[in-house]
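Here is what each chain is made of, one letter per residue.
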Amino acid sequence: MEADFMNLKQAYTMSGVIFIFAVLTIFLAALFFETSRMEKIKEETEYVNVLWNDARLFEDMSGNLSCDELTEQNRILGDRIYEYGLRIEKMLNSNKMVEGLVAKQNYALLDIQFWKNSQRIKQKCPEISTVVYFYSNFNRTYSQQVFDNLLLDFKYRCGRKTVYITLPVDLNLTSVDFALKKYNITNIPAVLIDEKYLISEPVNIEYLNNFTHCW
Amino acid sequence: MFSSIEICLLISTLAALYLTIFFYVAYASERSSLRNYPKPKKFPSISITIPVYNGANLIEQTLEAVRKLEYPRDFEIIVVDDGSTDETPQIVSKIASKDPRIKLFRKENGGRGNARNYGLRHAKGEIVVTMDVDARPEKDCLMKAIGFFEDKDVAAVTISCLVHEPKTFMQKLQAIEYALIPLMRKIIESFNAIYAVPGVFGLFRRDVVLSLGGFDEKNLTEDIEIAWRLLAHGYKIKMCPDARVWTYVPESFSKWWRQRIRWNIGGIQTTLKYVRLLFDRRISSIGFFILPTFIIAYFFSIFGLVLVGAMAIDKLLSLIPLFSATAYGANIFDNLMAEIAVYPNVIILLSALSFILGVSWIWLSFHSLDVSMRMRKNVSTLLLFLTFYTALFPLNYMYSTLKFLGNKYRVHGG
């Protein structure tokens, strides 16, 4: 019986050693992947600067464009920002050990800038609608998941006629805090349409369309 | 960062990984002797006992298979009719009239354990083989297994039990499950931790089992309980993978479900009976291996199911009200593929390692003991085994536990 015990002890110990080695290897590999992703995100930050400058130049130059051209150019810019956001969100969401807060803050600032541009365009072309989605980066509730899906669907169906902007509210950004205060947004998630209509309870897509008139 | 669900997933994955590595380590130390069995020098007398209840459709073929068993001396065949209401006794009597080795005993129905004890008490052989009526032993299995009894400390020997002619989907899944058991059982032999001697075809030293009081008639899995009792009294149990018996398994889900409830309740009964031996160094096989693995497997499988359920509900709830199934479906797929293929993280890597080790283990089980070549090629059944079939176990555990706690089970009959 002592021999059985020793056999077991040996097997448990040997398994423990291999297990620790395997887990350490996996953690190191994961850390390597995540660090590489952060490097890639840093490279992409350069792209944020391009988009940022693009947004500002567009704002300066847009005075001579017709409403159709303005809307189309704004849509293209919005799509680029949105795609960039999706790309870094996927990378950051898959990171479990390396945080990428600055990249998220950069993206939020870009979206704020884009929102500001869109508001100016709206003064000349009032048929454009802005749909701003305020969400929590750290506290993803069921209600927020419902909003995520709703707005994703809305973006697919109404992307040509509306400007869709996503803003995380808990990244310590003064500009976002200011927007929350200005539009009296206390419940998150919330959707602000045309800076007038605030929706903070789950609704259906038809209800959103009552404000945006996409179809 | 890690969500609470991800932390739970990480813990389960790490536990599964450790256990898998443990079996690989045990395999590595035993691989050279997996198929060895001692050549017998002596041939002890053998009694084969077959408890049967309403087995008229099976008994004739069973007796034919038993009569063909190779052994250099005569063995007795004891059929215990456990109060059958069909033609079983008549069929047995007819065959017995032509073969004097066959003895028929008739008794009132008292359950499987009771019938086994009845056979044990009437057996004259030094070694008693307990056998189910649906078992089809290969003719050389006695010759391969009997040599283990040369060691006086060996009280029981178990052999590979495989599925006979799997036809239905459920039978094919069970065929994979049964094919995985022999290797597992053989490698835990080195810790003397074989926790079951299936009644399909188990060899026991008669005087030892009788001296310990025979089979526990109140236990729904008397073949598991007797194994634990033998180990608790310091005896050894051996596994002979090369000796094979083929058995019929439930063909439908409902029959499978009922069978597994019986097995699980029996498992719970046995665990509770011997839980006092947990971490008892004197009986290390039970105290440091069987009980911990039973308990961990029980809780982690339920925990795993609850976890997967929670993740599924988490996703489903986000679809209520169902605004955007199309976009959502695309989103899930997109994110999933991105995480797995493009953006791997620690959870994905650990799960991938566990999965690869798990699949390799299946291959190793088939390959090392040369179990069914056809099965290896049936990839779709294997995938369903790994997903659908394994998910049924924790569900059955939970249901069986409720039945056990509610005392809604019976020992007698069948």
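The coordinates are above.
Reading the values: the criteria
Residues numbered from 1 in each chain as written. Chains lettered and ligands numbered in written order. Predicted model: local features only at pLDDT ≥ 70, side-chain atom pairs only at ≥ 80, totals over all residues. Heavy atoms only, no water. Pairing = 2+ DSSP bridges. Helix = DSSP H or I, 4+ residues; strand = E, 2+ residues; numbered from the N terminus. Axes fitted to C-alpha atoms, helices over the stretch in contact; angles between N-to-C directions. Contact = heavy atoms within 4.5 Å. Patch = residues over 30% accessible without salt bridge, like charges linked within 9 Å, V, L, I, M, F, W, Y side chains within 5 Å. Areas by Shrake-Rupley, 256 points an atom, 1.4 Å probe, with all protein chains shown as cover. Salt bridge = Lys/Arg side-chain N within 4 Å of Asp/Glu carboxyl O. Buried < 20%, exposed > 50% of the residue type's maximum accessible area, 1.4 Å probe, protein only. Parallel < 35°, antiparallel > 145°, perpendicular 65-115°, else oblique. Left-handed = near helix turned anticlockwise from the far one by under 90°. Nonpolar A, V, L, I, M, F, W, Y, C, P; charged D, E, K, R; others polar. Disulfide = S-S within 2.5 Å. Buried area = accessible area lost by both parts, 1.4 Å probe. Polar contact = N/O pair within 3.5 Å; in protein donor to acceptor, adjacent residues only side chain to side chain.

Participant: Help me understand the sheet that holds strand β3 (residues 190-193) of chain A, please; the structure alone is not making it clear to me.
Facilitator: Through backbone hydrogen bonds, the strands of a sheet pair up, either in parallel or in antiparallel fashion. Residue and element names in this part refer to chain A. Read across the sheet, 4 strands follow the order β2-β1-β3-β4 without closing on themselves; strand pairing throughout is mixed. With partners counted over all chains shown, the strands left at the sheet margins are β2 (162-168) and β4 (197-199), one partner each. Averaged over neighbouring strand pairs, the angle between their axes works out to 20 degrees when direction is ignored. Pairing of β3 with β4, which is carried by 3 bridges, proceeds in the antiparallel orientation. Among the inter-strand pairings, leucine 192 is bridged to a residue of β4, identified as leucine 198. Packed onto the sheet, helix α6 (residues 205-212) meets β1 (129-135), β2, β3 and β4 and runs at close to 170 degrees relative to β4.

Participant: Got a minute to help me understand a nonpolar patch on the surface in this structure?
Facilitator: Residues and elements named next belong to chain B. Taken together, the side chains of Ile7, Ile11, Ile296, Phe300 and Phe303 define a hydrophobic patch exposed on the protein surface, amounting to about 400 Å² of accessible area. Put simply, the parts of the chain that give the nonpolar patch at least two residues each are α1 (4-30) and α10 (284-317). When residues in the nonpolar patch are grouped by element, the largest group, 3 residues, is from α10. Tracing the backbone shows isoleucine 11 in helix α1. Judged by relative accessible area, isoleucine 11 falls into the partly exposed class, the value being 45%.

Participant: In this structure, what is going on with the packing of helix α1 (residues 2-61) of chain A against α1 of chain B? I would like to understand it.
Facilitator: Geometrically, a packed helix pair is captured by the angle between its two axes and the distance between the axes. Where α1 of chain A contacts α1 of chain B, the axes come no closer than 8 Å and their chain directions differ by 125 degrees. Considering the angle they form, α1 of chain A stands oblique to α1 of chain B. Crossing handedness for the pair α1 of chain A and α1 of chain B: right-handed. Contacts from Leu8, Ala11, Tyr12, Met14, Ser15, Gly16, Ile18, Phe19, Ala22 and Val23 of chain A of α1 of chain A reach α1 of chain B at Leu14, Leu17, Tyr18, Ile21, Phe22 and Val25 of chain B. Grouping the constituent residues of the contact of α1 of chain A with α1 of chain B by class yields 14 nonpolar, 2 polar and no charged.

Participant: How should I be thinking about the state of the cysteines in this particular structure?
Facilitator: Two cysteines, two sulfur atoms, one covalent bond between them: this is a disulfide. The tally for this structure, following the rule as stated, stands at 1 disulfide over all chains. Two residues, cysteine 67 of chain A and cysteine 125 of chain A, share a disulfide whose sulfurs are 2.0 Å apart. An S-S torsion of about -105 degrees defines the bridge between cysteine 67 of chain A and cysteine 125 of chain A as left-handed. Taken as a pair, cysteine 67 of chain A in helix α2 (residues 67-94) and cysteine 125 of chain A in the loop between α3 (101-124) and β1 lie far apart in primary sequence, 58 residues in all. Cysteine 125 of chain A gets classed as buried once you look at its relative accessible area, which sits at 0%. Cysteine 161 of chain B takes part in no disulfide bond, and the closest cysteine sulfur, belonging to cysteine 141 of chain B, lies 11 Å away. Relative accessible area serves as the criterion here: at 12%, cysteine 161 of chain B is assigned to the buried category.

Participant: Just to check I follow, could you spell out the packing of helix α6 (residues 169-187) of chain B against helix α9 (residues 253-274) of chain B for this structure?
Facilitator: Between α6 of chain B and α9 of chain B, the least distance of the axes is 10 Å, while the angle of their chain directions is 35 degrees. Residues Met170, Gln174, Glu177 and Tyr178 of chain B of α6 of chain B pack against Phe253, Trp256, Gln259, Arg260 and Trp263 of chain B of α9 of chain B.

Participant: Explain the sheet that holds strand β4 (residues 127-131) of chain B here, please?
Facilitator: Residue and element names in this part refer to chain B. Taken in spatial order, the 8 strands of this open sheet run β3-β2-β1-β4-β7-β6-β8-β5, and their pairing is mixed. Strands at the two margins of the open sheet, each flanked by one partner only, are β3 (102-107) and β5 (135-137). Put simply, the sheet's adjacent strands are angled 30 degrees from each other on average, direction ignored. Of the pairings in the sheet, the one linking β4 to strand β7 (residues 201-205) comprises 5 bridges and is antiparallel in character. Residue pairing across strands places isoleucine 127 opposite arginine 205, the latter belonging to β7. Contacting β1 (46-52), β2 (76-82) and β3, helix α3 (residues 88-96) runs over the sheet at an angle of about 155 degrees to β3. Lying on the sheet, helix α4 (residues 112-122) is in contact with β1, β2, β3 and β4; it crosses β2 at an angle near 145 degrees.

Participant: How should the interface of chain B and chain A be read in this particular structure?
Facilitator: Often, the extent of an interface is quoted as the loss of accessible area upon association of its parts. On the side of chain A, 42 residues touch chain B, which itself brings 45 residues to the contact. Note on chain B versus chain A: buried area summed over both sides is about 4000 Å², and carbon and sulfur give 69% of it. Taken together, the links from chain B to chain A amount to 1 salt bridge. Here lysine 96 of chain A makes a salt bridge to glutamate 6 of chain B, at a shortest N to O gap of 2.6 Å. Where chain B meets chain A, there are 6 residue pairs in polar contact (both at pLDDT 80 or more). Considering every element that reaches the side of chain B that touches chain A, the biggest residue donor is helix α11 (residues 325-342) of chain B, with 8 residues.

Participant: I would appreciate a short explanation of the environment of aspartate 111 of chain A in the present structure.
Facilitator: Residues and elements named next belong to chain A. Its place among the elements puts aspartate 111 in helix α3. Along the backbone, aspartate 111 and isoleucine 81 are 30 residues apart, and their C-alpha atoms lie at a distance of 7.4 Å. When residues no more than four places from it in sequence are discounted, the contact partners of aspartate 111 are Ile81, Ile165, Thr166 and Leu167.

Participant: How should unusual backbone geometry be read in this particular structure?
Facilitator: Of all residues except glycine, most have a negative phi; of all peptide bonds, most are trans. Residues and elements named next belong to chain A. Of note, the bond from isoleucine 188 into proline 189 is cis; its omega dihedral lies within 30 degrees of zero at 5 degrees. With respect to the helices and strands, proline 189 occurs in the loop between α5 (174-182) and β3. One non-glycine residue, glutamate 195, lies in the positive phi region at around 55 degrees. Tracing the backbone through its elements, the reader meets glutamate 195 in the loop between β3 and β4.

Participant: I'm lost on the pairing of β4 of chain B in this one. Help?
Facilitator: In regular strands, side chains alternate between the two faces of the sheet. All names here are of chain B. Taken across its 5 residues, β4 has 5 buried, putting it largely inside the fold. Of the two faces of β4, both are covered, the one formed by Ile127, Val129 and Met131 as well as the one formed by Val128 and Thr130. Two strands pair when backbone bridges link them, and β1 and β4 are joined in this way by 4 bridges, in the parallel orientation. Within β4, the position partnered with serine 47 by the bridge is valine 128.

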